[in-house]
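Secondary and tertiary structure notes
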Amino acid sequence: MQQTLILLKPDAVQRRLVGEVIGRFEKKGLRLVGLKLVKPSRDLAEKHYAVHKGKPFYESLLSFLTSGPTVAMVWEGREAVAACRLLMGLTDGAKSPPGTIRGDFGLSVQNNLVHGSDSTENASIEIGLWFKPEELVAFTPTDATWVG
Ligand code: IDP
Ligand code: MG
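Numbering of residues begins from 1 in every chain and follows the order in which that chain's sequence is written. Following the order in which they are written, the chains are lettered starting with A and the ligands numbered starting with 1. With pLDDT at 70 or above as the cut-off, local features in this predicted model cover only qualifying residues; side-chain atom pairs require 80 or more to be listed or tallied, and sums for whole chains, interfaces and linings still use all residues. Side-chain numbers come from the whole structure's heavy atoms, not from hydrogens or water.

As for the site of ligand 1
Stated precisely, the cut-off is as follows: In these notes, residues near a molecule or strand are those with any non-hydrogen atom within 4 Å of it. Two N or O atoms form a polar contact when they lie within 3.5 Å of each other; inside protein one atom must be a possible hydrogen donor and the other a possible acceptor, and for residues adjacent in sequence the pair counts only when both atoms belong to side chains. Method for areas: the Shrake-Rupley scheme with a 1.4 Å probe, in which residue coverage is limited to the protein chains shown. Residues are grouped as follows: Ala, Val, Leu, Ile, Met, Phe, Trp, Tyr, Cys and Pro are nonpolar; Asp, Glu, Lys and Arg are charged; all remaining types, including Gly, are polar.
The local shell around ligand 1 consists of Lys9, Tyr49, His52, Phe57, Leu61, Arg85, Thr91, Arg102, Val109, Gln110 and Asn112. A distance of 3.0 Å separates an oxygen atom of ligand 1 from a polar side-chain atom of Arg102. Here ligand 1 has 530 Å² of accessible area as a free molecule, and 76% of this is covered by the chains. The residue makeup of the shell around ligand 1, split by class, is four nonpolar, four polar and three charged.

Quick notes on the environment of Leu107
Rules: Secondary structure elements are taken from DSSP: a helix is a run of H or I of four residues or more, a strand is a run of E of two residues or more, and numbering for both begins at the N terminus. Three exposure classes are used, based on accessible area relative to the maximum for each residue type with a 1.4 Å probe and protein chains only: buried under 20%, partly exposed in between, and exposed over 50%. We call two residues in contact when some of their heavy atoms are within 4.5 Å.
Secondary-structure assignment places Leu107 in the loop between helix 6 (101-105) and strand 4 (114-116). The class for Leu107 is exposed, based on a relative accessible area of 70%. Separated by 101 residues in sequence, Leu107 and Ile6 have C-alpha atoms that sit 20 Å apart. What Leu107 contacts, discounting residues up to four positions off in sequence, is Asp92, Gly93 and Ala94.

Re the side chain of Glu126
As a reminder, the rule being used: The charged-residue count follows a simple rule in which Lys and Arg add positive charge and Asp and Glu add negative charge, with His and chain termini not counted at all. Only one rule defines a salt bridge in this text: a Lys or Arg side-chain nitrogen within 4 Å of an Asp or Glu carboxyl oxygen.
By the secondary structure assignment, Glu126 is in helix 7 (residues 120-130). Buried charge Glu126 goes without a salt bridge, the closest partner of opposite sign being Arg85 at 7.6 Å. Each residue touching Glu126, except ones within four places of it in the same chain, is listed here: Leu5, His48, His115 and Ser117.

Observations concerning the nonpolar core
Applicable threshold: As used here, the term nonpolar core means buried Ala, Val, Leu, Ile, Met, Phe, Trp, Tyr and Cys residues forming a set that is joined through side-chain atoms within 4.5 Å.
Grouped together as the largest cluster of nonpolar side chains are 19 residues, with contacts concentrated most on Ile6, Leu8, Phe25, Ile101 and Val114. For this core, the secondary-structure elements that each account for two or more residues are strand 1 (2-8), helix 2 (18-28), strand 3 (70-77), helix 5 (80-88) and helix 6. Ranked by residue count, the leading element in this core is helix 5, at four residues. Listed in part, the 17 residues of the second largest apolar core include Leu65, Val74, Trp130 and Phe131.

Some remarks on the packing of aromatic side chains
Rules: Ring geometry is summarised as follows: Phe, Tyr and Trp rings, the Trp one being its six-membered ring, pair when their centres sit within 6.5 Å, and such pairs are stacked at plane angles under 30 degrees, edge-to-face over 60 and tilted between the two. Remark: a charge is flagged as sitting over a ring if the NZ atom of Lys or the CZ atom of Arg is within 6 Å of the ring centre and within 35 degrees of the ring normal.
Scanning the model with the defined rule gives one aromatic pair in all. For Lys36, the ring lying beneath its charged end belongs to Phe131, and the centroid distance is 4.8 Å.

A closer look at the pattern of salt bridges
Two side chains with opposite charge may pair up if their charged atoms get near one another. According to the stated counting rule, one finds eight salt bridges in the structure shown. The salt bridge partner of Arg24 is Glu20, with a shortest N-O separation of 3.0 Å. Highlighted residues: Arg24 and Glu20, both in helix 2, separated by four residues, approximately one helical turn. Measuring nitrogen to oxygen at the nearest pair gives 2.9 Å for the salt bridge that ties Lys36 to Glu135. Of this pair, Lys36 sits in strand 2 (residues 31-38) while Glu135 sits in the loop between helix 7 and helix 8 (144-147), placing them 99 residues apart in sequence. A relative accessible area of 24% places Lys36 in the partly exposed class. Here the salt bridges share partners, and the residues they tie into one network are Glu20, Arg24 and Asp104.

Brief notes about the confidence of the model for the protein
Quick reminder of the rule: For every residue, the predictor reports its confidence as pLDDT, a number between 0 and 100.
Looking at the protein, pLDDT values average 97 and 100% of them are 70 or higher. Within the protein, the element-level pLDDT minimum falls on helix 8, averaging 87, and the maximum on strand 4, averaging 99.

Next up, the structure:
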């Protein structure tokens, strides 16, 4: 079963959208296996966004991610990586379709509420950055045979 790292970035917390956004992942049928509130250090933010080092928005992105509490989560389910990316929408809120998290709640490119791993390889790396193995809780949901 695939796992993916989802972050509710500081804008989602500040704008009180945590419950709304978590509800979308829950209702999709994904199962929550890890959850915590983190004020990311510069070191953690650098590691998380290492692929963007050198880009014009890199420093601003790090300031944004380290500016306040972020909700870090691991969600599990069939095709969880792609399913979560579809729920999130496109990077730019202004271009993201209605019905997606970014399309429904923002216009910004940077302050786009949510992060989701973009591949199973990156999911595994990112989960390792944000969570210790003992912080993830495996369980079988009672509706598993219905939801998939
Ligand atoms: P993604 O989050 O949709 O995977 P990435 O291209 O991996 O998008 O970029 C990581 C994050 O960097 C974005 O979610 C957004 O917060 C920020 N970002 C991406 N492109 C820009 C940009 O052109 N200007 C400002 N911030 C950006
Ligand atoms: Mg990305």
